[in-house]
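This is what each chain is made of:
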Amino acid sequence: MRITTVTGKISYIVGAFALILILNVFVFARLVNPTFDVMIVALLNIAYVIIGVRTFRGADENRTDPRPWWRATARPAAGYWIGAGLAVAAFISCVGALASDPENAVIPAVACISYAVLAAFYLNSSIRLHGMDRAG
């Protein structure tokens, strides 16, 4: 399955985000402590991003072959924007972790790490795509 339309991509993003939010509020928050809750949500967010980048395709992309493991977007600009936004979120979470008491720092620290991993993934993808644009 390949998601190629803007409407399909927005539907996937909003739907997956809503599902994770509903699961978090009504299931995870009631069954596990906040530390495990944030770890579960972080893993689900990373999984939903990985599934999204594996299924999304740009207009000029091959729709039959799988994307290379490192490719997150069809064009470099999108990855730069998404990566920058995630890097800002990682920075804010990191500041929150550093400003928190040690017993309360786990939640923002997990958020910082997950945002930083995703930011690195998107930025690496865009740097590689940018290099391919120059070489070709």
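All of the points below concern the structure found in this document.

So, how was this worked out
Residues numbered from 1 in each chain as written. Predicted model: local features only at pLDDT ≥ 70, side-chain atom pairs only at ≥ 80, totals over all residues. Heavy atoms only, no water. Helix = DSSP H or I, 4+ residues; strand = E, 2+ residues; numbered from the N terminus. Buried < 20%, exposed > 50% of the residue type's maximum accessible area, 1.4 Å probe, protein only. Phe/Tyr/Trp six-rings, centres within 6.5 Å; stacked < 30°, edge-to-face > 60°. Core = buried A, V, L, I, M, F, W, Y, C linked by side-chain atoms within 4.5 Å. Contact = heavy atoms within 4.5 Å. Axes fitted to C-alpha atoms, helices over the stretch in contact; angles between N-to-C directions. Parallel < 35°, antiparallel > 145°, perpendicular 65-115°, else oblique. Left-handed = near helix turned anticlockwise from the far one by under 90°. Nonpolar A, V, L, I, M, F, W, Y, C, P; charged D, E, K, R; others polar. Patch = residues over 30% accessible without salt bridge, like charges linked within 9 Å, V, L, I, M, F, W, Y side chains within 5 Å. Areas by Shrake-Rupley, 256 points an atom, 1.4 Å probe, with all protein chains shown as cover. Salt bridge = Lys/Arg side-chain N within 4 Å of Asp/Glu carboxyl O. 1 Å grid on protein atoms, 1.4 Å probe; cavity = no way out; pocket = protein on both sides within 12 Å on 5 of 7 lines; lining within 4 Å. Points joined across faces, edges and corners; volume = space filled by probe spheres on them.

**Observations concerning the overall build of the protein chain**
And step 1. Along its length, the protein chain carries four helices and zero strands.
And step 2. Beginning at the N terminus, the succession of helices and strands in the protein chain can be written as α-α-α-α.
And step 3. Projected onto its principal axes, the C-alpha coordinates of the protein chain cover approximately 50 × 30 × 20 Å.
And step 4. Within the protein chain, the proportion of its 136 residues that are buried is 32%.

**Let's talk about the packing of aromatic side chains**
And step 1. For the structure on display, the rule yields three aromatic pairs.
And step 2. A ring pair is formed by phenylalanine 121 and tyrosine 122, whose centres lie 5.7 Å apart and whose planes are at 70°; its orientation type is edge-to-face. In this pair, the class of phenylalanine 121 matches that of tyrosine 122, namely buried.
And step 3. Connected via pairs of aromatic rings, a cluster forms that spans Tyr12, Tyr48 and Phe56.

**Structural notes on the nonpolar core**
If you look at soluble globular proteins, the nonpolar side chains tend to sit buried side by side.
And step 1. If you look at the biggest cluster of nonpolar residues, it comprises 16 residues, and the most contacted ones within it are Tyr12, Tyr48, Val49, Val53 and Tyr122.
And step 2. Elements supplying a minimum of two residues to this core: helix H1 (6–31), helix H2 (34–55) and helix H4 (106–135).
And step 3. For tyrosine 48, the contacting residues outside a window of four places in its chain are Tyr12, Ile13, Ala16, Phe17 and Ile20.

**Here we look at the packing of H1 against H2**
Axis angle and axis distance: for two packed helices, these are the angle between their axes and the distance between the axes, and together they describe the pair.
And step 1. Where H1 meets H2, the axes come as close as 11 Å, and the angle between the chain directions of the two elements is 160°. Taken as axis vectors, H1 and H2 run roughly antiparallel relative to one another. Both H1 and H2 take part in a crossing whose hand is right-handed. Of the residues in H2, those in contact with Tyr12, Ile13, Ala16, Phe17, Ile20, Asn24, Phe28 and Ala29 of H1 are Asp37, Ile40, Val41, Leu44, Asn45, Tyr48, Ile51 and Gly52.
And step 2. Within the contact of H1 with H2, the residues separate by chemical class into twelve nonpolar, three polar and one charged.

**Considering a nonpolar patch on the surface**
And step 1. Taken together, the side chains of Phe17, Leu21, Ile22, Val25, Phe26, Val27 and Leu31 present a nonpolar region at the surface, about 690 Å² in accessible area.
And step 2. Mapped onto the elements of the fold, valine 27 is located in helix H1.

**Examining the layout of surface pockets**
And step 1. If you add up the space inside the largest pocket, you get close to 670 Å³.
And step 2. In terms of lining, the largest pocket is formed by 30 residues, of which the most central are Asn45, Tyr48, Val49, Leu118 and Tyr122.
And step 3. Of all elements in the fold, only H1, H2, helix H3 (76–99) and H4 reach the threshold of two or more residues within the lining of the largest pocket.
And step 4. When residues of the lining of the largest pocket are assigned to their parent elements, the largest contribution, ten residues, is made by H2.
And step 5. Its residues assigned to classes, the lining of the largest pocket comprises 21 nonpolar, five polar and four charged.

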